[in-house]
Amino acid sequence: INSNGDIVNSSTSGAKAMTANAMTEWLNQHGARYGWKKVSAEVAQNYANQGMPAVIMNHNSSGGHTSMVVPSPDGRYHADKGVRIAQAGSNLVQSEWMNNVYSARRRNQVEYWVHA
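What counts as what
Residues numbered from 1 in each chain as written. Predicted model: local features only at pLDDT ≥ 70, side-chain atom pairs only at ≥ 80, totals over all residues. Heavy atoms only, no water. Buried < 20%, exposed > 50% of the residue type's maximum accessible area, 1.4 Å probe, protein only. Helix = DSSP H or I, 4+ residues; strand = E, 2+ residues; numbered from the N terminus. Pairing = 2+ DSSP bridges. Contact = heavy atoms within 4.5 Å. Axes fitted to C-alpha atoms, helices over the stretch in contact; angles between N-to-C directions. Phe/Tyr/Trp six-rings, centres within 6.5 Å; stacked < 30°, edge-to-face > 60°. Lys NZ or Arg CZ within 6 Å of the ring centre and 35° of its normal. Polar contact = N/O pair within 3.5 Å; in protein donor to acceptor, adjacent residues only side chain to side chain.

Examining the pairing of strand β3 (residues 65-69)
Next, step 1: What you see with β3 is a clean split: H65, S67 and V69 sit on the buried side and T66 and M68 on the side with no burial.
Next, step 2: Direction of pairing for strand β2 (residues 54-58) relative to β3: antiparallel, over a ladder of four bridges. Across the sheet, I56 pairs through a bridge with S67, a residue of β3.
Next, step 3: In terms of strand pairing, β3 meets strand β4 (residues 84-87) through two bridges, oriented antiparallel. Directly across from M68, in β4, lies its bridge partner A86.

Thoughts on the environment of A41
Next, step 1: With respect to the element layout, A41 can be found in helix α2 (residues 41-49).
Next, step 2: A relative accessible area of 12% places A41 in the buried class.
Next, step 3: Here the alpha-carbon distance between A41 and E111, two residues 70 residues apart in the chain, equals 8.4 Å.
Next, step 4: Setting aside chain neighbours within four positions, we find A41 in contact with Y77, V83 and Y112.

A few points about the sheet that holds β2
Next, step 1: Pairing within the open sheet is antiparallel, and its six strands lie in the order β1-β6-β2-β3-β4-β5. A strand with exactly one partner marks an edge of an open sheet, and here the two such strands are β1 (36-39) and β5 (93-97). Each neighbouring strand pair of the sheet contributes to a mean axis angle of 35 degrees, computed without reference to strand direction.
Next, step 2: Pairing of β2 with strand β6 (residues 110-115) involves five bridges; the strand directions are antiparallel. Residue pairing across strands places I56 opposite Y112, the latter belonging to β6.
Next, step 3: Contacts from helix α1 (residues 20-30) reach β1, β2, β3 and β6, with the element oriented near 115 degrees to β2.
Next, step 4: Strands in contact with α2 are β1, β2, β3, β4 and β6; relative to β6, the strand with the most contacts, it is inclined by about 40 degrees.

Details of the packing of aromatic side chains
Next, step 1: Summed over all chains, the structure comprises one aromatic pair.
Next, step 2: Measuring from centroid to centroid gives 5.4 Å for W26 and Y34, while their planes differ by 35 degrees, and the two rings are tilted.
Next, step 3: Among the residues examined, W26 registers a relative accessible area of 8% and is labelled buried.
Next, step 4: Among the residues examined, Y34 registers a relative accessible area of 27% and is labelled partly exposed.
Next, step 5: Sitting above the plane of the W97 ring, R84 keeps its charged end 4.8 Å from the centroid.

A word on the side chain of E111
Next, step 1: By secondary structure assignment, the location of E111 is in strand β6.
Next, step 2: Residue classification places E111 among the buried positions, given a relative accessible area of 19%.
Next, step 3: A polar atom in the side chain of E111 sits 3.0 Å from the side chain of N28.
Next, step 4: Among the polar contacts listed, one links the side chain of E111 to the side chain of K38, at a separation of 3.5 Å.
Next, step 5: When sequence neighbours within four positions are dropped, the list of residues in contact with E111 reads T24, N28, K38, V55, I56 and M57.

Following this line, the structure appears as structure tokens:
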């Protein structure tokens with residue numbers, strides 16, 4: 001991004017890469033003009049089930065974390081299991097229920113974003 005929060009080519013003078021925390025801040029400040037909106041876990045799961053982009057953003061003191069919401073096996077949202085996710089990091093997950101990966105404290109800190 002550039003200093004105005006515009007998405008630019010990485011070779012653009014002044015362009016900077018973002019940490020997950022910076023992406024969360026960018027989504028809250030500039031995401032709407034690029035088609036992103038903050039939603040509930042259920043809406044995020046419904047988007048992913050339809051093949052549309054849905055992400056989880058976790059702003060935290062270690063630089064943040066991002067997970068993708070992926071389609072659930074039965075095409076439904078399960079509040080007791082959380083959304084279905086894929087993620088990379090110390091815990092590599094291709095498809096698992098969020099509640100099996102994220103601690104309860106961490107689940108309460110996340111934001112769900114979809115691209116409409």
